[in-house]
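Structural overview
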Amino acid sequence: MVGTITVDEVVVFIESIIKADYLLADLNMIIDMLDCEVLFQLNQLQKIADVNNRLLDRYLSVKHAIVLDKPLDTAMAYYYKQLSMQGNYMLELFTTIEAANKWMGVSELSSG
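Residues numbered from 1 in each chain as written. Predicted model: local features only at pLDDT ≥ 70, side-chain atom pairs only at ≥ 80, totals over all residues. Heavy atoms only, no water.

1. Some words on the overall build of the protein
In terms of helices and strands, the protein carries 5 helices and 5 strands. For the protein, the α and β elements follow one another from N to C terminus as β-α-β-β-α-β-α-β-α-α. In terms of overall size, the protein behaves like a compact globule, its C-alpha atoms giving a radius of gyration of 14 Å where 112 residues would be expected to give roughly 13 Å. Referenced to the eigenvectors of the C-alpha coordinate spread, the extents of the protein come out at roughly 40 × 30 × 25 Å. Residues classed as buried in the protein amount to 38% of the 112 residues present. Considering only contacts in the protein between residues 6 or more positions apart, those separated by 24 or more positions represent 86%. Within the structure as shown, the protein displays about 6,700 Å² of accessible surface, and the carbon and sulfur contribution to it stands at 57%. Considering the protein, the positive charge centre built from 8 side chains and the negative charge centre built from 15 side chains are found 5 Å apart. (Helix = DSSP H or I, 4+ residues; strand = E, 2+ residues; numbered from the N terminus. Rg over C-alpha atoms; globule rule 2.2 N^0.38 Å. Buried < 20%, exposed > 50% of the residue type's maximum accessible area, 1.4 Å probe, protein only. Contact = heavy atoms within 4.5 Å. Areas by Shrake-Rupley, 256 points an atom, 1.4 Å probe, with all protein chains shown as cover. Lys, Arg positive; Asp, Glu negative; His and termini not counted. Charge placed at Lys NZ, Arg CZ, Asp CG, Glu CD.)

In C-alpha cells form, the structure reads like this:
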C-alpha cells in the first residue's frame, strides 16, 4: 500500500479478496504499509473487523502479516488484532518485509 489509506479503501480491498475465486482456500497475505499514511481512527477499526469476518467465512484459514513501522499505526494494528481474533485467522505485525516473509515460510524464495 502506498499513499493515504482510508477505512473505505481497506473495506473495498478486503471485499475484492472475498470475491476472488482464483485464490487458495488457505490464504496467506503480506500487507506492506511502510510507505502509506493511515487516515482512520481507532473507533473505525470495527468496520474493518466486520468485513474481515466475512473474509474468514470465505476461506478455510487466513495467515496475515502486516508490515509497518509508525508507532500509532502499530498500536492501532495491535488493537485490530484483538478485534479480529478467530480460530482460522492468524495476524502478526512486523517492521520488515524479510521478517514477514520468514514467518510466512517464504524466506528461501525471496533469497534466490
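Further notes follow.
2. Description of the pairing of strand 5 (residues 89–94)
In terms of strand pairing, strand 4 (residues 61–67) meets strand 5 through 6 bridges, oriented parallel. Residue pairing for strand 5: Lys63 is matched across the bridge by Met90. With helix 3 (residues 71–83) bridging strand 4 and its parallel neighbour strand 5, the resulting β-α-β unit is right-handed. (Pairing = 2+ DSSP bridges. Right-handed = clockwise from strand over helix to strand, strands pointing away.)

3. Details of the packing of helix 1 (residues 7–19) against helix 2 (residues 45–58)
Close contact between helix 1 and helix 2 brings their axes to 9 Å; oriented N to C, the two are set at 5°. Relative to helix 2, the element helix 1 is oriented roughly parallel. Along its contact with helix 1, which presents Val7, Asp8, Val10, Val11, Ile14, Glu15, Ile17 and Ile18, the element helix 2 presents Lys47, Ile48, Val51, Asn52, Arg54, Leu55 and Arg58. Residues of the contact of helix 1 with helix 2, tallied by class, amount to 9 nonpolar, 1 polar and 5 charged. (Axes fitted to C-alpha atoms, helices over the stretch in contact; angles between N-to-C directions. Parallel < 35°, antiparallel > 145°, perpendicular 65-115°, else oblique. Nonpolar A, V, L, I, M, F, W, Y, C, P; charged D, E, K, R; others polar.)

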